[in-house]
Each structure stands twice: as C-alpha cells, then as structure tokens.
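# Breakdown of the fold
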Amino acid sequence: MARKLEDSVVVITGASSGIGRATALAFAQEHAAVVLAARREGPLRDAAAACDAAGGRALAVPTEVADETSMQRLAQAAVGTFGRIDVWINNAGVGLFGKIEEVPMDAVRRVIDINLLGYVLGARVAIPIFKAQGGGVLINNASILGRLTQPFTSAYVASKHAVLGLTEALRLELRDTDIQVCAVLPAAIDTPFYQHGANYTG
C-alpha cells in the first residue's frame, strides 16, 4: 500500500552516518519529520541540521540501542515531539573482523547486542505505538549477509541472519493488523562502517 511520505514521522537508529544518515536525508527531502538516533551526539546533530536544511523537521536523540531504557526514551521523544511514529527503521549496526577463535567474546557479544538485540528492542517499543495508532511500518536493515555469508565476519553474519528470522516472525505475528514489517538487504556500501568496525585480522 502506498504511503504518503510528506509529514510522516520516521525514527531511524544509526542515523549519524552511512546508510542511516542517507536514509534520513532522503525522508527529509520528502518533507518528513525525522527522529535521528545514534550514540555519537556531535555527528548526530550534524545529520539533524542537514535534514532541516533539506526540507524536513529533525530531532536528534542520543541513544544506546542495546539499552531498553534508552530506546524507550527515543520512542517517547518522537511521540512527545511529533505526536506519533509512522515508520521505525532499525539500522544501527557494528562490525567485527577476524577469525572466530581470535576475536574477543566481549566484541562478539557487542555485535549481537547492537545488531540483533537492538532490533528486538526497537520492535518492542515501536509495535505497541503502532497498535495504538492503528498502523505503522517497521523496517529492519538486514544486509545481503542475512541471506549470504562470508568468512572472518561470523558474528556479523549470524546477527544479520537472525534479523531476517526476526523480521519474518514479526510479519506473521502482525499479519492481521495494519502494521507492515519488512527488511532491506543492502550489499557492501562505502560508509564509515568499515573504519568503525573492530578489526582482529592483523
């Protein structure tokens, strides 16, 4: 079903750079209200300013997506400022490069916390709002590595396969509602993701 983008309210995690920032700008150019979430406050506010300049209305909300309280605050800020949420985009992600036996377990857990549990938390805060409104769209950025695989990124690949499973399960749970759940699967994109990833390859 076609949806009007103008004046829609869109929450985007991982919005300070890369795909998240580009997505926010694309919505802003359609005159949507965008709520930008990320850990780094400076780049986040720069992205919000760019969205304002592009024709949207932007709100920057520093957020730790692996923390339930922080994600609840993000949703509350969006609803408190703009009155509703039409689209929630789970996009924040981190990478880890190295052989499975050589990467630290705390780094593996961080990948799962951000890339999978962050999406679970996003769904848990967005879906009740959508139900109360009578509809909404949940979008999960799953990566082409949710379908395919590659070596030396096992935690990342596992997290993205799990995101696709999560997406498909939620779609079935919500099939009798006006809540749409979908995934996007981008291939490798030249973004700061690679510079920010933890690298144990040597």
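All figures in this text were calculated on a predicted structure; none of them were measured in a lab. (Residues numbered from 1 in each chain as written. Predicted model: local features only at pLDDT ≥ 70, side-chain atom pairs only at ≥ 80, totals over all residues. Heavy atoms only, no water.)

## Things to note about the sheet that holds strand β2 (residues 33-38)
To keep things clear, this is the line we draw: For two strands to be treated as a pair, DSSP must find no fewer than two bridges joining them. Secondary structure counts use DSSP, requiring at least four H or I residues in a row for a helix and at least two E residues in a row for a strand, with both numbered from the N terminus. Angles run from 0 to 180 degrees between N-to-C directions of axes, and those axes are lines fitted to C-alpha atoms, restricted for helices to the stretch in contact. Contacts are residue-level and defined by heavy atoms, with any inter-residue pair within 4.5 Å sufficient.
Read across the sheet, six strands follow the order β3-β2-β1-β4-β6-β7 without closing on themselves; strand pairing throughout is parallel. With partners counted over all chains shown, the strands left at the sheet margins are β3 (57-62) and β7 (179-184), one partner each. Taken pair by pair, the neighbouring strands of this sheet meet at an average axis angle of 15°, ignoring direction. Note that β2 and β3 share six bridges and pair parallel. From the neighbouring strand, V35 faces β3, where its bridge partner is L59. Across the sheet, helix α1 (residues 18-29) is in contact with β1 (9-13), β2, β4 (87-90) and β6 (136-141); its angle to β1 comes to roughly 170°.

## Thoughts on empty space enclosed by the protein
Cut-off, in case you're wondering: Definitions used for this entry: grid spacing 1 Å over protein atoms alone; cavity, a set of points where a 1.4 Å probe fits but cannot get out; pocket, an open set with protein on both sides within 12 Å along at least 5 of 7 lines; lining residue, one with an atom within 4 Å of a point. Grid points are joined across faces, edges and corners, and a volume is the space filled by probe spheres set on the points. All residues other than Ala, Val, Leu, Ile, Met, Phe, Trp, Tyr, Cys, Pro, Asp, Glu, Lys and Arg, Gly among them, are scored as polar; the first ten of these are nonpolar and the last four charged.
Tallied over the full model, the rule gives one cavity of 30 Å³ or more. In this model, the largest cavity occupies a volume close to 40 Å³. Along its surface, the largest cavity is lined by L96, F97, G98, I100, V103, V108, F152, T153, S154 and A155. Taken together, the elements giving at least two residues each to the lining of the largest cavity come down to β5 (96-97) and α5 (154-173). Among the residues making up the lining of the largest cavity, the classes are represented as seven nonpolar, three polar and no charged.

## A word on the side chain of T13
Rule in force here: Buried, partly exposed and exposed residues are distinguished by accessible area as a fraction of the type maximum, computed with a 1.4 Å probe on protein chains only: under 20%, between the cut-offs, and over 50%, respectively. Think of a polar contact as two N or O atoms within 3.5 Å of one another; within protein, one of them needs to be a possible hydrogen donor and the other a possible acceptor, and neighboring residues in sequence only count if both atoms come from side chains.
With respect to the element layout, T13 can be found in strand β1. According to the relative accessible area criterion, T13 is buried, its value standing at 2%. In terms of polar contacts, T13 uses its side chain to reach the backbone amide nitrogen of A92, at 3.0 Å. Residue contacts for T13: discarding those within four places in its chain leaves A37, V65, M71, L74, W88, I89, N90, N91 and A92.

## Quick word on the side chain of N91
Turning to its location among the elements, N91 is positioned in the loop between β4 and β5. Ignoring sequence-local partners within four residues, the contact set of N91 consists of T13, G14, I19, G20, Y119 and N141.

## What about the pairing of β6?
Counted residue by residue, β6 has six buried out of six residues, so it is predominantly covered. Where burial is concerned, the two faces of β6 agree: the one with G136, L138 and N140 and the one with V137, I139 and N141 are both buried. Judged from the four bridges that link them, β4 and β6 form a sheet pairing that is parallel. Across the sheet, residue N90 finds its bridge partner in β6, namely N140. Two strands pair when backbone bridges link them, and β6 and β7 are joined in this way by six bridges, in the parallel orientation. Paired with N141 across the strands is V184, a residue of β7.

## Quick notes on the pairing of β1
The condition that has to hold: Crossovers are marked right-handed if the path from the first strand over the helix to the second runs clockwise, as seen with the strands pointing away from the viewer.
Burial analysis of β1 places five of its five residues in the buried class, which makes it a mostly covered element. The alternating pattern of β1 places V9, V11 and T13 and V10 and I12 on opposite faces, both of which are buried. Sheet analysis places β1 next to β2, joined by five bridges and oriented parallel. Looking across to β2, one finds that V10 is bridged to V34. With respect to chirality, the unit in which β1 leads through α1 into the neighbouring parallel β2 is right-handed.

## What about helix α3 (residues 68-82)?
Going by this rule: In a helix, the anticipated span is given by 1.5 Å times the number of residues less one.
Helix length check: α3, at 15 residues, gives a terminal C-alpha distance of 21 Å against a target of 21 Å (1.5 Å per residue), a fit within 8%. Next to the buried residues of α3 lie β1, β2, β3, β4 and α4 (105-133). Once α3 ends, the next one or two residues include G83, with phi positive near 90°.

## Some remarks on the nonpolar core
Our working definition: Only buried residues count toward a nonpolar core. Its members are Ala, Val, Leu, Ile, Met, Phe, Trp, Tyr and Cys residues joined through side-chain atoms within 4.5 Å.
Among the nonpolar cores identified, the biggest contains 41 residues, and V35, L74, I85 and W88 are the most heavily contacted of them. It is α4 that provides the largest number of residues to this core, a total of 13 residues. Those residues in contact with L74, other than ones at most four positions away along the chain, are V11, T13, V35, A37, V61, T63 and W88. Counting residues in hydrophobic clusters, the runner-up holds 19 residues, among them A32, V34, V87 and I139.

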